[in-house]
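# Commentary on secondary and tertiary structure
Below are the chains, spelled out letter by letter.
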Amino acid sequence: MQALRIPELDAIAHKVVVTGAAPAATCGLAVRTREGWQAYSGAAGSYWPLSAEPIAPSALFDLASVSKSLLAILASVGHERGEWDLQAPLARYLPRLAGTASAQLPLDWLLAHRAGLEPHLELFDSHRAGLPFVREVALRRAANARRPDLQAPSEEGFSPVYSDLGYLLLGAALTEASGACLDTLLARELPLATELGSMRQLLCRASGVLDRIAPTEQVAWRGGLLRGLVHDENAWVLAGHSFAGHAGLFGTVSALLWLGTQLLDSVAGRPQGLWPSAVLSRLLRARPGGTLRAGFDGKSPTGSSAGSRLSASSFGHLGFSGTSLWCDPQRDWVLVLLTNRICPSRENTLLRELRPALHDALAIQAQQLQANRPADNSSIS
C-alpha cells in the first residue's frame, strides 16, 4: 500500500521530535472510502540524535511487541486449518517442557496472556555474562516463571497479566508443530508484505535495507548502537535475526497501514480480507478481567493510549520501542505511529504521555480525510 505523504502528518510526527520523545518518527492513517482504502503518511526527525540524515516514511522501525499481533494471526490461522490445536496443552508440542508449571496449560491461555506467567524474565542473562546460552534451559525457565499471586483459574485461564514469556513459548510451540520457523510461517501468510518481517527476511528481499533502519538503544554489552538488530534481548538470544514470537519484526508505516486494512476487511467479512472472519473473531472477542484480547488490546474506557476519538470497538497494540497500531472497525480507520523513542536510551519515557494526543491528532485527520470521500459498504479494492 502506497501512502501519500502530506504536511499535516509531517506535523504530527514533528511533535514527537520537537518534544524530545524520540529522534525520529513516522506516522500514518488509512481510511476506507468510495475509491477504496486511502493511505497517508508523515515523517520527521533524523535517524538518531547525531545524524543529519532526515527520516523518510520508508524508514524501517523495530516493531517490538506489535510483533505479537502477527504471531496471534499465525496461531489462529493454523488452528482453523487444523495444523495445531489452540486448546491443546503446551507440552503436546513442546514435550521437553513436561513437568514445568505451564506444561498442561492450553496454548490459547498463552495467546491471551492468561497462563499465569510473569511479564518478563531475563533469559539472556547468561549470554550477557559471557556464558553459553542454552535454548532448552531458557524455555524451561520461561515455562516455570509463574506469578506468586495466582488464584484458581476460570475457563478463560488465570487473571490477565501481559507477558512476553507466553508469546515466546507460543512461538516455540508453533515452530515445533509446523516443522517450520516463524519467518517461514509469516511469509506464507503475508507474501505481499515485503516491508514487514524479520531482519533476516528484509535483508534477503532487497539491498540498502540497513540504510533505512531507525536505530534503537546504545547497549555496551551488545556492541553499541543497535541498528539492524532486534532490541529485545530475549528475542535476540532466542532467534537472532529471525522472528521470536514476542518480538523480532521490523516494518514501515505503509506496511503497518496495509496490515491494518487487511485486519479490518477480514473482520468485516469483505472479500478483500486475507483471513476468514472466524480467524480474527477468536482473537478479538472481549474477555473478562480487562481489555487484553489475544494478540491485541482493546480500548480502555478512560485513559487509553489510543486517545479519546477511536470507537469502543477499536483494537491495537503498542511496542516498547515506541510503536503502535490501532484499528477502528466502526469507522474504518487505521492509525500507525512508529518511533525509536529508546534511542539512545530506554530511559526516555516522554512518549508515554504524548501517545494519546498523537493518536487523537491522527484520528482528527482521518475524520477530515474520510469526510471528503464518503465511504460506502460495497466491495472495494
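Residues numbered from 1 in each chain as written. Predicted model: local features only at pLDDT ≥ 70, side-chain atom pairs only at ≥ 80, totals over all residues. Heavy atoms only, no water.

Bringing the pattern of salt bridges into the picture now. If you walk through the whole model with that rule in mind, you get 21 salt bridges. Of the charged contacts, one joins R81 and E189 as a salt bridge, the two residues approaching to 2.4 Å between their closest N and O atoms. Note that R81 is positioned in helix α2 (residues 67-81) and E189 in helix α8 (residues 182-189), a separation of 108 residues in sequence. Residue R346 pairs with E233 through a salt bridge whose shortest N-O separation is 2.8 Å. Of the two residues, R346 is situated in the loop between β12 (333-339) and α13 (350-371) and E233 in helix α10 (residues 233-239); the sequence distance between them amounts to 113 residues. Exposure remark for R346: the relative accessible area of 28% places this residue in the partly exposed category. Connected through salt bridges with shared partners, the residues R32, D265, R270 and D332 form a single ionic network. (Salt bridge = Lys/Arg side-chain N within 4 Å of Asp/Glu carboxyl O. Helix = DSSP H or I, 4+ residues; strand = E, 2+ residues; numbered from the N terminus. Buried < 20%, exposed > 50% of the residue type's maximum accessible area, 1.4 Å probe, protein only.)

The subject of this paragraph is the sheet that holds strand β5 (residues 196-198). In sheet architecture, strand pairing relies on hydrogen bonds along the backbone and comes in two forms, parallel and antiparallel. Sheet architecture is open: 3 strands sit in the order β4-β8-β5, paired in antiparallel fashion. Of all the strands in the sheet, the pair left with one neighbour each is β4 (61-62) and β5. Looking at chain direction, β4 and strand β8 (residues 249-251) are connected through 2 bridges and run antiparallel. For F61, the partnering residue across the bridge sits in β8 and is G251. (Pairing = 2+ DSSP bridges.)

Quick look at the environment of G319 now. Topologically, G319 is positioned in strand β10 (residues 315-319). The residues touching G319, leaving out its near neighbours within four places in the chain, are L63, A64, S65, V66 and R355. (Contact = heavy atoms within 4.5 Å.)

Bringing the sheet that holds strand β1 (residues 4-5) into the picture now. If you trace the 7 strands from one edge of the open sheet to the other, you get β1-β3-β2-β12-β11-β10-β9, paired in mixed fashion. Each having just a single partner strand, β1 and β9 (297-298) make up the two edges of the open sheet. Pairing of β9 with β10, which is carried by 2 bridges, proceeds in the antiparallel orientation. Note that in β10 the partner of D297 across the bridge is G316. Its contacts with the sheet put helix α1 (residues 7-18) on β1, β2 (24-33), β3 (36-45) and β12, and the angle it makes with β3 is roughly 40 degrees. (Axes fitted to C-alpha atoms, helices over the stretch in contact; angles between N-to-C directions.)

By the criterion of burial, β12 is predominantly enclosed, with 7 of the 7 residues buried. A two-sided burial pattern is seen for β12, the buried positions comprising W333, L335, L337 and T339 on one face and V334, V336 and L338 on the other. Pairing of β2 with β12 involves 7 bridges; the strand directions are antiparallel. Bridging from a neighbouring strand, G28 pairs with V336 of β12. Note: strand β11 (residues 323-328) against β12, 6 bridges, orientation antiparallel. Across the sheet, the residue bridging to S324 is L337, located in β12.

Of the residues making up α8, those classed as buried are L182, D183, L185, L186 and E189. Relative to the axis of α8, the buried residues are bounded by an arc of 165 degrees and lie together on one face. Elements that come into contact with the buried residues of α8 comprise α2, α7 (164-178), β5, α9 (199-205) and β8. (Arc of directions from axis to C-beta.)

We now examine the confidence of the model for the protein. Residues with a pLDDT of 70 or more make up 98% of the protein, whose mean pLDDT is 95. Segment residues 374-381 is flagged for pLDDT under 50; beyond a separation of four residues in sequence, or across chains, it makes 20 contacts in the model. (pLDDT = per-residue confidence, 0-100.)

Next up on the list: the state of the cysteines. If you walk through the whole model with that rule in mind, you get 0 disulfides. Looking at the unpaired C27, the closest cysteine sulfur is the one in C327, lying at 16 Å. Overall, C27 belongs to the buried group, its relative accessible area being 0%. Not part of a disulfide, C204 finds its nearest cysteine sulfur in C181, a span of 11 Å. (Disulfide = S-S within 2.5 Å.)

Further remarks concern α7. For α7, which comprises 15 residues, the first-to-last C-alpha distance of 21 Å matches the rise-based estimate of 21 Å (1.5 Å per residue) to within 8%. Along α7, 11 of the 15 residues are buried, which leaves the element largely enclosed by surrounding structure. Along α7, the residues classified as buried are D164, L165, G166, Y167, L168, L169, L170, G171, A172, A173 and L174. For α7, the secondary structure elements touched by its buried residues are α2, α3 (90-93), α4 (107-111), α6 (135-143), α8 and α10. You can read the cap of α7 off the contacts: a side-chain oxygen lies 3.2 Å from the backbone nitrogen of L165, and it is on S163. (Expected span 1.5 Å × (residues − 1). Polar contact = N/O pair within 3.5 Å; in protein donor to acceptor, adjacent residues only side chain to side chain.)

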